[in-house]
Amino acid sequence: QVQLVESGGGLVQAGGSLRLSCAASGRTFSMGWFRQAPGKEREFVSSISWNGGSTYYAQSLKGRFSISRENAKNTIYLQMDSLKPEDTAIYYCAGTGDITVVAGPYEYWGRGTQVTVSS
């Protein structure tokens, strides 16, 4: 069982930036970020293939968020720029040990990191 640990969340003003990290305890292939705002369902944010060659984004977040990975450290990142109050949510990291999975579903999940964007 691979453990995923997110970090980098916090409080930021609108227009600011944050970089989230997710460290995996073992090897994973496709990985992704999801978020859940208060009172809303969890939604897809972004995912990245095992070699970083393919990335996917929620349409509404393209241009502001960027996903990357560093396999030597079993870590993925989410760079979030031009943050808006509506980006406030708990951000979850997810991953899979199945090489055939491209962008989910994922069987490994982190516990989440809170991102709060003030207006």
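For the structure, check the block above.
Residues numbered from 1 in each chain as written. Predicted model: local features only at pLDDT ≥ 70, side-chain atom pairs only at ≥ 80, totals over all residues. Heavy atoms only, no water.

Visitor: Let's hear about the overall build of the protein chain: which residues, and what values?
Guide: In terms of helices and strands, the protein chain carries zero helices and 11 strands. Scanning the protein chain from its N terminus toward the C terminus, one meets helices and strands in the order β-β-β-β-β-β-β-β-β-β-β. At 13 Å, the protein chain has a C-alpha radius of gyration in line with the 14 Å of a compact globule built from 119 residues. Principal-axis analysis of the C-alpha atoms gives the protein chain an extent of 40 × 25 × 25 Å. Residues classed as buried in the protein chain amount to 45% of the 119 residues present. Contacts spanning at least 24 positions in sequence make up 56% of the contacts within the protein chain whose residues lie at least 6 apart. When the accessible surface of the protein chain is totalled, it reaches about 6200 Å², and 47% of it is carbon and sulfur. (Helix = DSSP H or I, 4+ residues; strand = E, 2+ residues; numbered from the N terminus. Rg over C-alpha atoms; globule rule 2.2 N^0.38 Å. Buried < 20%, exposed > 50% of the residue type's maximum accessible area, 1.4 Å probe, protein only. Contact = heavy atoms within 4.5 Å. Areas by Shrake-Rupley, 256 points an atom, 1.4 Å probe, with all protein chains shown as cover.)

Purely spatial values, then, with no claim about function.
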